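Residue-level structural notes
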Amino acid sequence: MKHGLKLAVAALSTAGVLAACGASNEEANKDEKVVTVGTEATYPPFTYKEKGKLTGYDIDVMNEVAKRAGYKIEYKAMDFKGLIPALDSKRIDVIANQMGITDERKEKYAFSDAYTVSGSTIIVNNKTNDIKTLDDLKGKTVGSTQGSLYAKTAEEAGAKVKYYKGANQVLKDLEAGRVDAAMNDRLFVLTELKKAGYKVKAVGETFDKNESGLMMAKNSKYAEDFNKALAEMQKDGTLADIGKKYFNEDISK
């Protein structure tokens, strides 16, 4: 290895290995037509496990999008707070978990076209009668999952935020009186809140109309393929059918 030529060849070989090792999941998976998707798997009816099988509205949408775009999916289930860090570190390529499309997030990430249009609702203990609007949250303690946009909304309303791993933990403490209120998607309230059986209720009007999409790294190669599939699903009624399966209505527009 004393000769300059051998050193140069060795350096080029090493660089090639390092470049291959440093390639993102997206670059490697694009060639293999595999996409690694992160999801919470504990947020029914959007993403959850039933008899050990991953299912839900977001999962059905993601599966159909991947099928039409010609991708195989590898799902990775994790806490909600870990989804964006996993995307940042390229351990996953896409997040399918009711990720709200916001201007702040769009500065750093790419989104597919929206496949959910909804809004937010305040949830309180059945015995609570003094909270009905965001203004009523000032000085109160609001339970929220880590990384949720609801935490920011609560703070802007003047509330103190207490963080939890999942929605069920929030509702348990709300029922027990350890927090004053919580917030969640109106679709979650319509479908899962009654099933959960907690002594809590939704109050006030729906606020903060929001859209959710598949979240990816900036300039992701997947966005074009996914949007084409979503447009086809919107046109042929598949998105509407998936919505009706879980909510009895089309929630895609």
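Our subject is the structure that appears above.
Residues numbered from 1 in each chain as written. Predicted model: local features only at pLDDT ≥ 70, side-chain atom pairs only at ≥ 80, totals over all residues. Heavy atoms only, no water.

**A short note on the overall build of the protein**
Secondary structure summary: the protein contains 10 helices and 12 strands in total. Counting only residues that meet the buried cut, the protein has 49% of its 253 residues in that class. Restricting the contact set of the protein to residue pairs at least 6 apart, pairs at least 24 apart contribute 68%. As displayed, the protein offers around 13300 Å² of accessible surface, 50% of which is attributable to carbon and sulfur atoms. (Helix = DSSP H or I, 4+ residues; strand = E, 2+ residues; numbered from the N terminus. Buried < 20%, exposed > 50% of the residue type's maximum accessible area, 1.4 Å probe, protein only. Contact = heavy atoms within 4.5 Å. Areas by Shrake-Rupley, 256 points an atom, 1.4 Å probe, with all protein chains shown as cover.)

**Digging into the nonpolar core**
Ranked by size, the top nonpolar core spans 43 residues in total, and within it Tyr 57, Val 61, Met 62, Val 65, Val 94 and Phe 226 carry the most contacts. Contact partners of Met 62, with chain neighbours within four places excluded, come to Val 37, Ile 73, Tyr 75, Val 94, Ala 96, Leu 214 and Phe 226. Within the second largest apolar cluster, 15 residues are counted, among which are Ile 122, Val 124, Tyr 150 and Ala 181. (Core = buried A, V, L, I, M, F, W, Y, C linked by side-chain atoms within 4.5 Å.)

**Some thoughts on the sheet that holds strand 3 (residues 47-50)**
Strand pairing in a sheet relies on backbone hydrogen bonds. The paired strands run either parallel or antiparallel. With antiparallel pairing, the three strands of this open sheet are ordered in space as 2-3-4. On the outer flanks of this sheet lie strand 2 (42-43) and strand 4 (53-55), each paired with one strand and no other. Pairing analysis gives two bridges linking strand 2 to strand 3, with the strands arranged antiparallel. The partner of Tyr 43 across the bridge, within strand 3, is Thr 47. (Pairing = 2+ DSSP bridges.)

**Notes on the pattern of salt bridges**
Evaluated as defined, the whole model comprises 11 salt bridges. Close ionic contact of Lys 140 with Asp 130 constitutes a salt bridge, the shortest N to O distance being 3.3 Å. Taken together, the residues Lys 140 in the loop between strand 8 (116-125) and strand 9 (141-145) and Asp 130 in the loop between strand 8 and strand 9 connect sequence positions 10 residues apart. Relative accessible area serves as the criterion here: at 48%, Asp 130 is assigned to the partly exposed category. Across the pair Asp 173 and Arg 178 runs a salt bridge, and its minimum N-O distance is 2.6 Å. One network of salt bridges, in which partners are shared, links Glu 64, Arg 68, Glu 232 and Asp 236. (Salt bridge = Lys/Arg side-chain N within 4 Å of Asp/Glu carboxyl O.)

**Observations concerning helix 3 (residues 57-69)**
Think of an α-helix as 3.6 residues a turn; residues three or four steps apart then line up on the same face. Given a rise of 1.5 Å per residue, 13 residues ought to cover 18 Å, and the 18 Å separating the end C-alpha atoms of helix 3 matches this to within 8%. Burial analysis of helix 3 places 10 of its 13 residues in the buried class, the great majority of the element. Within the sequence span of helix 3, burial applies to Tyr 57, Asp 58, Ile 59, Asp 60, Val 61, Met 62, Glu 64, Val 65, Ala 66 and Ala 69. Two residues or fewer past helix 3, Gly 70 is found with a positive phi of approximately 85 degrees. (Expected span 1.5 Å × (residues − 1).)

**Points about unusual backbone geometry**
A cis amide bond, omega 0 degrees, links Pro 44 with the succeeding residue Pro 45. Within the element layout of this structure, Pro 45 appears in the loop between strand 2 and strand 3. Of note in the backbone geometry, Lys 90 takes a positive phi value of approximately 65 degrees without being a glycine. Here Asn 219, not a glycine, exhibits a phi torsion of approximately 60 degrees, which is positive. Judged by relative accessible area, which is 71%, Asn 219 ranks as exposed.

**Comments concerning the packing of aromatic side chains**
Here the distance between the centres and the angle between the planes together describe a pair of aromatic rings. Overall, the coordinates contain eight aromatic pairs when judged by the stated rule. For the pair Tyr 43 and Phe 188, a centre-to-centre distance of 5.6 Å together with 25 degrees between the ring planes defines the contact as stacked. In this pair, Tyr 43 is assigned in strand 2 and Phe 188 in helix 8 (residues 186-196), connecting sequence segments 145 residues apart. With respect to class, Tyr 43 is no different from Phe 188; both count as buried. An angle of 40 degrees between the planes, with centres 6.1 Å apart, marks the rings of Tyr 57 and Tyr 115 as tilted. With Tyr 57 in helix 3 and Tyr 115 in the loop between strand 7 (109-111) and strand 8, this residue pair connects regions lying 58 residues apart in the sequence. For the pair Tyr 57 and Tyr 115, a shared accessibility class is recorded, and that class is buried. Site record: aromatic cluster; members linked through ring pairs are Tyr 43, Phe 46, Tyr 57, Tyr 115, Phe 188 and Phe 247. (Phe/Tyr/Trp six-rings, centres within 6.5 Å; stacked < 30°, edge-to-face > 60°.)

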